[in-house]
Each structure stands twice: as C-alpha cells, then as structure tokens.
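Now for the letters of each chain:
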Protein chains: 2
Amino acid sequence: MAKNKSTTKLNVFALGGLNEVGKNMYVLEYANDIIIIECGIGFPDEDMLGIDLVIPDVSYLEKNQDKIRGIFLTHGHEDHIGAIPYILRILDAPIFGTRLTIGILRNKLEEHRLPRKPDLNTVSVGDVVKAGGFSVEFIRVNHSIADACALAIKTPVGTVVHTGDFKLDITPIDGEIMDIPRLGELGKEGVLLLMSDSTNAERRGYTPSERVVGENLEGIFMMNPDKRIVIATFSSNVHRVQQIIDTSVRFNRKVAITGRSMLNIVTAAVELGYMKVPRGALIDINDIKRYPMEQLTIVTTGTQGEPMSALYRMAFSEHDKVVLGPTDLVVISASAIPGNEKLIDKIINELCKRGVDIFRDTSIEVHVSGHACKEELKLMMALTKPKFFMPIHGEYRHLAANRENAIDIGIPEDHIFISDIGLVLELDENSCKFNGTVPSGKVLVDGYGVGDVGNIVLRDRRHLSKDGLIVVVATVSIEEQMILSGPDIVSRGFVYVREADELMNQVKVLARDALQDSLDHNVTDWTQLKTRLKDDLAKFLFNRTKRNPMILPVVMNI
Amino acid sequence: MAKNKSTTKLNVFALGGLNEVGKNMYVLEYANDIIIIECGIGFPDEDMLGIDLVIPDVSYLEKNQDKIRGIFLTHGHEDHIGAIPYILRILDAPIFGTRLTIGILRNKLEEHRLPRKPDLNTVSVGDVVKAGGFSVEFIRVNHSIADACALAIKTPVGTVVHTGDFKLDITPIDGEIMDIPRLGELGKEGVLLLMSDSTNAERRGYTPSERVVGENLEGIFMMNPDKRIVIATFSSNVHRVQQIIDTSVRFNRKVAITGRSMLNIVTAAVELGYMKVPRGALIDINDIKRYPMEQLTIVTTGTQGEPMSALYRMAFSEHDKVVLGPTDLVVISASAIPGNEKLIDKIINELCKRGVDIFRDTSIEVHVSGHACKEELKLMMALTKPKFFMPIHGEYRHLAANRENAIDIGIPEDHIFISDIGLVLELDENSCKFNGTVPSGKVLVDGYGVGDVGNIVLRDRRHLSKDGLIVVVATVSIEEQMILSGPDIVSRGFVYVREADELMNQVKVLARDALQDSLDHNVTDWTQLKTRLKDDLAKFLFNRTKRNPMILPVVMNI
C-alpha cells in the first residue's frame, strides 16, 4: 500500500487504537505532507503483565520522517498527549496545542530525557497553522479539561473536521462555549469528512453541564455543616477543582490539596490563569490540624481506586496527614472506568468500616461526563454537514452506535466508515473508500524498555504467574557420562517448599534418573537432554498437583 | 476464646468470608453441638495469581469434629455448596438440603474422589431436622435457583432465622411463593436473631418478579420473527431457562442448548422434575442446520464473558456449531458481576463487529436479581421481629446499608451486629455481644493443592508476573577459588532475548566479576556469595531497564 499511494488522494488512518478507548493517534497524509493528530497512551489489558503503558507503533512515520509537518493536540489528557515523550525519541516534529495543553505537556517532558529540545508551539483558539499542504484551525469545544479544541483541517481535497473529545456545555465554568457558529460556517463552506468522538454514542439526550456538579456540591456542603468534606476527582478537571474551591470559600472552608498529580495540575493551572484561587483559600495539607474539621475541604486523587493514590491511603489508614472517621464525608466525583469497579469497591468498603459518609455518582450527580451524548453528537453532524463520516474514540460498540446516530440524521450508510488501526481511508473531493493498510499496532512500554516486551515475554510472564517455576540445575561430564553435581531443584511461586519437601525430593530423584539415563544412552544433544528432563518432570508434576509450572533445566558440562 | 466458651451461650460465627460476596460458611455452637450452615467457595481476587478458588479455613471445626451434627444448605449455588468436596476430605458430617440442592451437589461430588461415601439427606420444605440440641426447619424462599430455603434454627436460648439468599416473588415461575405465613408465625413465637441476606440492601423498592423477564423475552421474540435468537444466562437459573423454552415453543422455535454446565443442569432439572420440556421442543445443537434460522433459539452460558464459555467462542468464531452474523440476536440475560465488565465488553464489541443485535439488562429488563431489595429486606424483619439482627451476605457496604434498613424499621442500633470472619457473636435469651474469635480465614485451592499456596508463593508469582526472571548458574570450586563453568544466564519473561543480547552479555560479565571477586576474597558462605551476585545484578538491571526481575543465583560447588 505504502508504495502505491496516490498523490492526488488524501489518506486518513489511525496508528494508535482507533477503536479502543484511550489509544489515539491519527495521521493525515497527502502527497509529500503528513500531519499527526493526537499522540496518546493506552493502558495495558489485564493480560499484559508488568506493562506500564501502551503507545502506538510509529514505524510508518519513522520511514516517512521527512514528510511530517507537525503533531496537533486537541487537549491535555494522557490518552491524547501521553505518548509524546516516547515518540519524540523516534520522530522529530513541531507540536501545536493550546496553552494549557502545551503547559501540561511541558511539565511532562521535563521528567524525560529527550534527544533534542522539543519544538512546542502554543496556539490560541481560532489560530490557523500552516503545515505543508495542510492548514489546521483550532476550534473551541467543551470537555472535562480546559482549553480543549476540535481541529478543522483544510486539505487539497477538502476540509476534515476532527472533534477531539468534546461535549456541548451551554453554561461552562470558564464561560467559553463550544464554537457553534464556526462549526456551522465550516458546514456551509463544505466539510469533506467529519471524524467524531463516539465515547457516549450509546447514551440518549445531552450530557449535563459541569455546573450541575457545582449545584449538587452546594447541596452537600449545605446539608453537612458539621463534617469535614473530602472530594476525590481527576486532577486534570480544572473546572471541577475550581468549583470545589469556590463552594468551599462560600461555606467558609479552607481547601487542602493532597496527591502529587493534583498538586502539580493545580499549580500549573493557577500559574497559567486557568484557575482563580481567592487569597487564603488554599492551605497546606500539613496545616489542617490548625482548623476545626467542619472548616475543611480536602481535594484529592484516587477516584479509580488506584492503590497508591491519596484516597486509597486515607481509606486504609496509610495517609500520614488525613485520618478518616465518622465526622468525614467523602465525595467521589468521577465515574468508574470499566475494569476499575472492584478497586473502587474496595475503597468504599473500607470507608464504610470507618463510618465515613459517601457520595458518589450512583447516588447523586457529583460527576458529569466530558463526552457528548446522542443529541450533541447529532448536533455536531448537523452543524458540519459532512459528506463522509468516520466515528472515532470508543470501543467498537460505541463506533457502531455513532454510525446509527449518523444514519438517524440522514448521512447515507455508505458514506460512513468505521475504520480499524492501520486501515487507510482514501479520499478525494467526491469519493471515499478503504484502500490498503500501513504498519501499525501496539508498542508496550515496561520501565525504560519500549517495545522490548513482546508476545513471548508476556506468555512467559503469564505462565510464571499461574503456576510458578521450577529450575533444575546439574553439572555433568558428558565424556565420563557422569553427573558431577546436582541435580538441584529451585522452585519459586509453585508451592510452599517446606510443605513440599517430599515432592521436591521425588522431583530430584526423577531428574537424576532422567539425566543419568540420557548420559547412559550417549545423548550428547543438549536440546534432547533438556527436553527429556522437562517432559519427565512436567508429566510427574501435573499428575501429582494438576499444575504446570514452568520448568527450566540448566545443565552444565565440565 | 475457644477454651472459655460458655456452655449456656450460643456462639454464632462465620468461617468463610462473612462480608465478602460469595464466601459462605456459618457456624452455630452451643455446649457440645455444632451445626454448619452453607459451605461455599469464593472466587480469587486478581492478585491471587493462579488460584482456582477459595474455601473457608475449617481448622476450628476439625478440632471439634466430634461436636458436628450436620451441614445445612439453603440452595444449590456454588458460593453455598462449592466447598463441600474439599471440606469432606477434612470433616465428616451429614448434609441436609432440598431435592434440587442435593441433586446438584450429588453430581458435583461424583467428580471428586472422597475418603468416604457422603451422607446426603434430602429434605422437603417444612421439614424439621434434629441436630443435637438444635432443630433446623427448612422454609421456602424465592431466589434465582429453584428449591431455595431459609432456615429457622431452634436453639436452647431461642430461635435463629438464617434467610439464605432470598427475594420475594409474588408470581414465581413454579408457583411457590416465599412462606410468609410461617415466617410470621416464627416472629410471633419470638425470634432471637435474624441473619439476613444483604446483597441488594442499597437498592430501593422491590426486586421485580422473575416473570418480568419472561414478558420482556416475549416482546423480543415478537419483534424479531426473522432472527435466530441466542440467549445467554446462568445455567443454574432453571426458571429462566424454563421461560426461554416456553416462549420458544409459543413462537414455534426449537431450542438447542450449548455449554457443558448448561446441559448438565438442564438434564438434572428435567430428571428431578424442576423443568418441564414439551416433547420435541429441545433439539441437539448438532441438528440446528436442519432448521431455518428464524425457527431456532439457542440457550448458552457465558454471561460473564468467561473466555472458554460457549458465548465467548461464538463471539470470536471459535464455536464449531454456531456462527453468528447479522441474522442473529443475542440476549445477555444476566447482569455483570463486578470485575467482569471488561470481559463482557470484549464479547459485546465482537458481536457488534459481526452485525449481531444485542439485548442486555442495561437496555431492557432481560434479567432480574435473585436478591431482596430494601422493602423486601424490611418485610423479612417485620415478619420475624428479631430481638437481634446480623446482616450477612454482601460486601461491608451492603452490610452497613442493611443495618440502616434495620434501624429504619425500628431495631435498636445496639441490637445490630456487623460481624467479621472468625468473630464470635455470643447470645443467650436476653443478651448478645461479640466475645472473642476462632481461627478462620481463606484457604486457597490451586489444582489438587488445598492450602499449599500461601503468601510467599503468591508474592513470588506476582514478582515473576511483573518483571520475569533471571537465573544465573555457575559451577565453582571453592577450594581452588575458580569458576569451573558459567556463569550462564537464563531469562524468562524479562525481555525478549534476541533484542537484549548485549544486555545479557553485560550481565554475564558482571556475574563473573562478582563471583570471582567473592572467591578471591575467600567467601565460602553460600548465602553471602549469592546475595552479592543478586544485589550486583539487581542494581545493574534496575538502572538499565527500570525493572526488577526476580534473580535466582544457582551456584554449585565441585
């Protein structure tokens, strides 16, 4: 495919997981120009043992480094910017984003050693950036982080609108509503392709305004004048934190912040002017003892039950500053990300044991989504009037649901394209079709290692995690057909050895017999010798224990 | 505690997890008599790597074997009977339960080798079983399995009512409503302690009748005359399966069953008369090709996304009999057990990709809970009028919610006891308090091994799963201060070796240096020598890779 690309067609494809929540990297290519939209990380599946995070495979971009005109970011969430520190070791490209986005990215990049100084460019909404044959315009949208944008990309074959993550908030905390007029203008001028957020495509109606959370917090504060109030939320939700501070000030409470990421973001947001904190409203977490319980609000991280988060440590009495009890009220101002339910339940149970009152989004609206529901998604389509439509951001079922939304609003079914990672959508002024693929996929990051953990390593980790390991070591003399030392048996993660002495002795005897038998029969091929050892032990152990530990024979010849 | 037990008090305690869903074993002890209620398994937490299931620690019962008068079962779910095959290897006791419960248990026990023939006793509702100083009456309740009972236990100090798992179904499929009059009589006679299901204690109102599912299935069948209908549900929900069969028959569909546990249970339920299948209604899954799609219903397992289940195999095109496509409609007639959401989502996404229509309980009521909601829980309290109350079955937050329900209905707060595993509740006619503990806990089952996987083994498995393993092997002569062979490095689950040749060579050199240095310095203590090796390598590898593989030094002396 890569070889036969037409120079008069626009190619649009995803390198990060298009249809998996949180793994985002889109590429637009026309003739000699490439632009990249988003550069996010994904979180590992449960079976990716030991993996810290997942980034897109950019080998295609590496081969086409000379074509790359820029990386364009819609907002500052990890699933949109998190892979940049890794990608910048491989690719060189100027990066464009709004002020908060670039501010968060800059802080992040400081923690990484990079081969060269990153080329970071701050833009304002309304700005248009020229990038080869493309020009990219940043358009205000609402989301659960400030300064979020959609992108309108003028290409030689027509305009592509990429919504980023968005919702419509008519009463946003910072007063900045999604730029509906500009989206409508683009629609009038003609949009070739709309690539739209699909996260909430299954949900009816509209996503409530962020302000609703503020109103409900107000009610909670009013009803609980005697309690200390602890509120956990996502650190990047600057407006949420702003509302918590504002409400606290109105109720004469001081606000203390705990949790490293929360402190970092609040500091950055205040510096950049995205948060306004009245003088004296914030106090240091070390000073909370100086105030009565009922005059305190504590803002913290840990809404997803993360075992090292501040909320987790509070729940399990491991937090050195905050000890929770019956005079505390905890608000979990977030919904559970699928897969985290059990971790969150663990925290809730601990809080219950301590007699803490709990509010969460299952009981009262203390959280609203940052993504558009069905009606907002249709509004986006109605405004931009795209010729072709590509649902993005979401699992397959969300993309499929957004296809239904598009059909509802009158986009012909054969103008809607659900893509897949690496699949190339080819467009000109009048046509749109899938045509070929580019190399793509997931690259696993483990510690400093990027891509050095592959399927074999993961398979071994899964094997080790299930039944542990038995190492059989012996020194032999092939020449003399003799065992010189061992076999010794070392086991880990298999069975508690003190209880398995007899079993291990039997393993030893079995190993010695197998080894000696091989030597007696003049087996000099190491593979054969080791395979015999392995098979004999595996069969014996499975029969006795119904387990399949990994068996590692190490035989040395002297 | 065990030594000082009063002979005029009743002791009530849990050995299996009282406040964790699904791990159930309660003990009532008075003077020289012990009875056991439930004997269930639990499912392992995510961090219990390789563990198949969890059973209660019965060491206290083992020591008091001569006191045990019987094991009483409320119904046939795994979390109530699943541990019996393991417990019967340790304890000897007659077992009592209703017909379906004993029927399911009998099938289960056939798969296990037991030291002696189990003493299984089938009772009918209304029966009273004498057990030493206790007598146990079986009382009909409704639940998501047929033949479920509560137990009323007459003890020398008063009556204890144990609800088992229950709901109130006014229109049950088998016509058998919870025995409200008998519970009311017991209340009039006087109940000392009520131990009540708390699973749905947070939910308002009443749990809908099982019949609601039938009505909604009827609607789905009516609206989709052109589709093949595939319905996944819990195999033990005999009434659900009955409704699916009845509805299919009304719509002139044949029913094929796939999934081993589903086939087993349907066979047992039909044999025991708990299901009525009209002649010709069931067909073999191998014969589905003989019927048009729209005349078929397929009943299957896999509602929790289990990777080996029939539904999973259908979704991923691995089922050899059923290939799904746009003419199929899949109903997932169950709700997600916390922790399984991601697995279920995986199936939903695959089904979407195949163009299959999907109904699940988030869209329409195709499932109802088997547990009582707030109003039913309060009804149980109002009927039995207990002097003391102990919420059971549920996570801590559910127990706490059920305490609130009890307070609502007027049970004094100091008459409500939330217990913990091993904590002993001591009662006489007039008083109730916690007093001491008995040995208790979780015993992990891995393959044939019961209790041989402890914390050390699990810690090793976690370590191995995270960063893999490096084995360093060498043969040395301490006497000659020489390395005779090696060091050889074997790694598994650490890093893909072909990409790490250079790293492994460095490890080799480092290991040789450390070893030779120790030998040169006359280190003859093996522990010291191995620790040196381990520490040097660990430090090096962490600096280079930010990973902490398990390092196993194996050094042999010749």
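See above for the structure.
Figured I'd write up the structure that's included with this text.

What counts, and at which threshold
- Residues numbered from 1 in each chain as written.
- Chains lettered and ligands numbered in written order.
- Predicted model: local features only at pLDDT ≥ 70, side-chain atom pairs only at ≥ 80, totals over all residues.
- Heavy atoms only, no water.
- Salt bridge = Lys/Arg side-chain N within 4 Å of Asp/Glu carboxyl O.
- Buried < 20%, exposed > 50% of the residue type's maximum accessible area, 1.4 Å probe, protein only.
- Contact = heavy atoms within 4.5 Å.
- Buried area = accessible area lost by both parts, 1.4 Å probe.
- Polar contact = N/O pair within 3.5 Å; in protein donor to acceptor, adjacent residues only side chain to side chain.
- Helix = DSSP H or I, 4+ residues; strand = E, 2+ residues; numbered from the N terminus.
- Axes fitted to C-alpha atoms, helices over the stretch in contact; angles between N-to-C directions.
- Parallel < 35°, antiparallel > 145°, perpendicular 65-115°, else oblique.
- Left-handed = near helix turned anticlockwise from the far one by under 90°.
- Nonpolar A, V, L, I, M, F, W, Y, C, P; charged D, E, K, R; others polar.
- Phe/Tyr/Trp six-rings, centres within 6.5 Å; stacked < 30°, edge-to-face > 60°.
- Least-squares fit on C-alpha atoms with pLDDT ≥ 70 in both.

## Observations concerning the pattern of salt bridges
If you walk through the whole model with that rule in mind, you get 63 salt bridges over all chains. Glu-189 of chain A is the partner of Arg-182 of chain A in a salt bridge, and the nearest nitrogen-oxygen pair spans 3.6 Å. By relative accessible area, which is 15% here, Arg-182 of chain A ends up buried. Salt-bridge contacts for Asp-147 of chain B lead to Arg-140 of chain B; the nearest nitrogen and oxygen are separated by 3.5 Å. Comparing Asp-147 of chain B with Arg-140 of chain B, the two get one shared label, buried. Ionic contacts of the salt-bridge type, sharing partners, join the residues Glu-137, Lys-154, Arg-182, Glu-185 and Glu-189 of chain A into one network.

## Section: the interface of chain B and chain A
Contact with chain B, which involves 61 residues of that partner, is made by 60 residues of chain A. Carbon and sulfur atoms make up 61% of the area that chain B and chain A hide from each other, which totals about 5200 Å². Along the contact surface separating chain B from chain A lie 17 residue pairs in polar contact (both at pLDDT 80 or more). Within the residue set of the side of chain B that touches chain A, elements represented by two or more residues are helix H10 (341–353), helix H12 (396–408), helix H13 (455–467), strand S24 (469–477), strand S25 (482–492), helix H15 (526–545) and strand S26 (550–557) of chain B.

## Describing the packing of helix H11 (residues 374–384) of chain A against helix H12 (residues 396–408) of chain A
Residues and elements named next belong to chain A. With their axes 10 Å apart at the nearest point, H11 and H12 run at an angle of 55 degrees to one another. Classified by the interaxial angle, the pair formed by H11 and H12 is oblique. Pair H11 / H12 crosses with right-handed handedness. Contact residues: Lys-374, Leu-377, Lys-378 and Met-381 in H11; Ala-401, Asn-402, Asn-405, Ala-406 and Asp-408 in H12. A per-class count over the contact of H11 with H12 returns four nonpolar, two polar and three charged.

## Some thoughts on the environment of Val-450 of chain B
All names here are of chain B. Inspection of the secondary structure assignment puts Val-450 in strand S23 (residues 449–450). Expressed as a C-alpha distance, the spacing of Val-450 and Val-58, which sit 392 residues apart in the sequence, is 12 Å. If near-sequence neighbours (up to four positions away) are discounted, Val-450 is found in contact with Ile-55, Tyr-86, Arg-89, Val-443, Leu-444 and Val-445.

## Describing the packing of aromatic side chains
Residue and element names in this part refer to chain A. Counting across every chain of the model gives 14 aromatic pairs over all chains. With a centroid separation of 5.5 Å and 85 degrees between ring planes, the pair formed by Phe-13 and Tyr-60 is classed as edge-to-face. Here the residue Phe-13 occupies a position in strand S1 (residues 10–14), and Tyr-60 occupies one in helix H1 (residues 59–63), the gap between them amounting to 47 residues. When sorted by exposure, Phe-13 lands in the same class as Tyr-60, which is buried. Ring centres of Phe-221 and Phe-251 lie 5.7 Å apart, and the angle between their planes is 45 degrees; on these two criteria the pair is classed as tilted.

## Observations concerning the relation of the copies chain B and chain A
Superposing chain B onto chain A takes a rotation of 180 degrees plus a shift of 0.0 Å along the axis, which leaves an RMSD of 0.1 Å. Each copy turns onto its partner about a two-fold axis. Ranked by how close their C-alpha atoms come to the rotation axis, the residues of chain B are headed by Ser-465 of chain B, at 2.4 Å. Most of the interface of chain B is mirrored in chain A, where 98% of its interface residues are also at the interface.

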